[in-house]
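# A look at the structure
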Amino acid sequence: MPEKALLVIDVDHACGWRVKDIRSNSSKRLVARNIKAQLANWRARNGLIVFVVYGRDATGQEAQVNGRKQENCVVCDRNDSARLAKFLEHRHGNTHELAFVKKDTDAFTNQNLAEYLKKKSVTEVVLAGCQTFSCVRTTAQGAAEAGFNITLLRDLVFAPFDKHYDTEERWLDLIRATIQMNSNSKLSVKIE
């Protein structure tokens, strides 16, 4: 039973993850390559992978049910602006990877996400995707409030940490503040 789950947040067309967008932005291209490699590693060891995309029409439904692809996958078959990036190679069928639609920046506003992870015995969420200081940050805070430990994969988030945007320490401080407000003081947050 898994203790960790990889959450890939908002790697979709709406956030600029089309092939042409990735080619035109060297930072994003590097992050895309790193995410693809990490997905290959998690898939090779049968790790739990969950995709999350934003959608105003979120109903809390997952993309697949009981390993079968639904008629319309809520992350692959969305309208063009919200479609999951093709390089992720989202899996359906017997080797499916669940996906959730969120209504807000925090993926845990979809209550089914926390329920699903707890059923799978997940205690730690490993975060990748974008936007580092918006959706990834608020998802980390939502994970802390739901009782999960958090690991942020430094090389798998966009926008990158830099002196002009923000720093790793600032990101950690924001999440630590959420954890301190949480009654479960055993929670931890780290950047790898």
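Residues numbered from 1 in each chain as written. Predicted model: local features only at pLDDT ≥ 70, side-chain atom pairs only at ≥ 80, totals over all residues. Heavy atoms only, no water.

## Topic: the environment of tyrosine 116
Looking at the element boundaries, tyrosine 116 is found in helix H3 (residues 111–119). The buried category is assigned to tyrosine 116, whose relative accessible area is 16%. The spatial distance from the C-alpha of tyrosine 116 to the C-alpha of leucine 98 is 9.5 Å, given a sequence separation of 18 residues. Setting aside chain neighbours within four positions, we find tyrosine 116 in contact with Leu48, Val50, Leu98 and Phe100. (Helix = DSSP H or I, 4+ residues; strand = E, 2+ residues; numbered from the N terminus. Buried < 20%, exposed > 50% of the residue type's maximum accessible area, 1.4 Å probe, protein only. Contact = heavy atoms within 4.5 Å.)

## Overview of the layout of surface pockets
By volume, the second largest pocket amounts to about 210 Å³. In terms of lining, the second largest pocket is formed by 13 residues, of which the most central are Arg18, Val19, Ile22, Ala32 and Phe87. Elements with a contribution of two residues or more to the lining of the second largest pocket: helix H1 (19–24) and helix H2 (26–44). Ranked by the residues each element gives to the lining of the second largest pocket, the list is headed by H2, at 4 residues. Looking at side-chain class alone, the lining of the second largest pocket contains 6 nonpolar, 1 polar and 6 charged residues. (1 Å grid on protein atoms, 1.4 Å probe; cavity = no way out; pocket = protein on both sides within 12 Å on 5 of 7 lines; lining within 4 Å. Points joined across faces, edges and corners; volume = space filled by probe spheres on them. Nonpolar A, V, L, I, M, F, W, Y, C, P; charged D, E, K, R; others polar.)

## Overview of the sheet that holds strand E7 (residues 149–158)
The 6 strands lie next to each other as E5-E2-E1-E6-E7-E8, forming an open sheet whose pairing is parallel. At either end of the open sheet lies a strand with only one pairing partner, and these are strand E5 (99–102) and strand E8 (189–191). Sheet twist, expressed as the average angle between the axes of neighbouring strands with direction ignored, equals 25°. Pairing analysis gives 5 bridges linking strand E1 (residues 4–9) to strand E2 (residues 48–54), with the strands arranged parallel. (Pairing = 2+ DSSP bridges. Axes fitted to C-alpha atoms, helices over the stretch in contact; angles between N-to-C directions.)

## Re the packing of aromatic side chains
The tally for this structure, following the rule as stated, stands at 5 aromatic pairs. With a centroid separation of 6.1 Å and 40° between ring planes, the pair formed by tryptophan 17 and phenylalanine 87 is classed as tilted. Here tryptophan 17, found in the loop between E1 and H1, pairs with phenylalanine 87, found in the loop between strand E4 (68–69) and E5; they are 70 residues apart in sequence, far enough to count as distant. Given a relative accessible area of 2%, tryptophan 17 falls into the buried group. (Phe/Tyr/Trp six-rings, centres within 6.5 Å; stacked < 30°, edge-to-face > 60°.)

## A word on the confidence of the model for the protein chain
Taken as a whole, the protein chain shows an average pLDDT of 82; of its residues, 80% reach a score of 70 or greater. Of all helices and strands in the protein chain, the one with the weakest mean pLDDT is strand E3 (residues 64–65) (40), whereas E1 scores best (96). (pLDDT = per-residue confidence, 0-100.)

## Points about H2
For H2, which comprises 19 residues, the first-to-last C-alpha distance of 27 Å matches the rise-based estimate of 27 Å (1.5 Å per residue) to within 8%. For H2, the set of buried residues is Lys28, Val31, Ala32, Ile35, Gln38, Leu39, Trp42 and Arg43. With its buried residues spanning 130° around the axis, H2 presents them on a single face. Away from its buried face, by an angle of more than 90 degrees, H2 presents the exposed residues Arg33 and Ala44. Positive phi appears at asparagine 46, one or two residues downstream of H2, with a value of about 55°. (Expected span 1.5 Å × (residues − 1). Arc of directions from axis to C-beta.)

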